[in-house]
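Inside the fold
Each chain, letter by letter, is given below.
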Amino acid sequence: MTVETAETGGAAAGDGTHAAYEKLIALLDERGAVYRVLEHAPEGATEAVSALRGNTLVQAAKCIIAMVKIGKKEKRFALAVVPGDRRIDLAAVKALYGGTYVSFASPEIAEELAGSPSGTILPFAFDERLELLVDPDLLVHPEIYFNAARLDRSLALSTEDYRAVAEPRVERVSTA
């Protein structure tokens, strides 16, 4: 692990407890993953945080939780991870599940399932109710970048290690 600090003009914010962040770091260390921790000014918007980190948008993992209704009584939740320059293709997610309706999960549900606030959702599914769907176009780069369950800290993670540790279902779930 390497910690790099972006020029923030002062100390990094966010000294509270960060259970999802700690869980992720412990998992990556346990599995011997290659990653760098990047500290930066607090930011959750993909475009702005990519500029702070110095990565291209196509390398940024944008993470969105969708809710899919299957019939009248069943709901499934998908964590869709797409390149930062793309949008989630809700119709594609709905089709993957044979759903009758799809929408973004409410912020409250998304944050509960992710274990972190919106803007910091990890490209890992730690909740058994979430299925991890990753767009193949994100996986063509040597590293992916994402906020690490905190607005003030990101990871640059080896894509090969990401695939090995997260074990995502790779599906086309993005649109321009």
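Figured I'd write up the structure that's included with this text. (Residues numbered from 1 in each chain as written. Predicted model: local features only at pLDDT ≥ 70, side-chain atom pairs only at ≥ 80, totals over all residues. Heavy atoms only, no water.)

Within the structure shown, the criterion is met by three aromatic pairs. When the ring of Phe124 is compared with that of Phe126, the centres are 6.1 Å apart and the planes differ by 10°; the resulting orientation is stacked. Looking at Phe124, the relative accessible area reads 5%, which means it is buried. Of the residues examined, Phe126 reaches a relative accessible area of 29% and is grouped as partly exposed. Here the aromatic cluster, defined as three or more aromatic residues joined through ring pairs, consists of Phe124, Phe126, Phe146 and Tyr162. When the ring centre of Tyr21 is taken as reference, the NZ or CZ atom of Arg150 above it lies at 5.2 Å. Of note, Arg169 hangs over the ring of Tyr97, and the distance from its end group to the ring centre comes to 6.0 Å. (Phe/Tyr/Trp six-rings, centres within 6.5 Å; stacked < 30°, edge-to-face > 60°. Buried < 20%, exposed > 50% of the residue type's maximum accessible area, 1.4 Å probe, protein only. Lys NZ or Arg CZ within 6 Å of the ring centre and 35° of its normal.)

Hydrogen bonds between backbone atoms are what pair the strands of a sheet, whose relative direction is either parallel or antiparallel. Overall, mixed pairing links the five strands, which are arranged β6-β3-β4-β7-β10 in an open sheet. For this open sheet the edge positions go to β6 (101-104) and β10 (169-170), each flanked by a neighbour on one side alone. Summarising the sheet, strand β3 (residues 61-70) and β6 pair through four bridges and their orientation is antiparallel. In the strand pairing of β6, Met67 is matched with Ser103. (Pairing = 2+ DSSP bridges. Helix = DSSP H or I, 4+ residues; strand = E, 2+ residues; numbered from the N terminus.)

Our focus in this paragraph is helix α4 (residues 107-114). Turning to α4, its buried residues number three or more, namely Ala110, Leu113 and Ala114. Projected onto a plane normal to the axis of α4, the buried residues spread over an arc of 95° and lie on a single side. In the segment just after α4, Gly115 is the residue with positive phi, at about 80°. (Arc of directions from axis to C-beta.)

A few words on the environment of Ala19. Along the chain, Ala19 falls in helix α1 (residues 19-30). Distance from Ala19 to Ala166, taken between C-alpha atoms, is 18 Å for residues 147 residues apart in sequence.

Following the criterion strictly, the structure yields eleven salt bridges and no others. Here Arg172 and Asp137 are joined by a salt bridge, their closest N and O atoms 2.8 Å apart. Of this pair, Arg172 sits in the loop between β10 and β11 (174-175) while Asp137 sits in the loop between β7 (130-134) and β8 (143-150), and the two are 35 residues apart along the sequence. The residue Arg150 makes a salt bridge to Asp152 at a minimum N-O spacing of 2.9 Å. Overall, Arg150 belongs to the buried group, its relative accessible area being 7%. Here Asp152 falls in the buried class, since its relative accessible area comes to 3%. Each member of the salt-bridge network shares a partner with another, and the members are Arg76, Glu131, Arg169 and Glu171. (Salt bridge = Lys/Arg side-chain N within 4 Å of Asp/Glu carboxyl O.)

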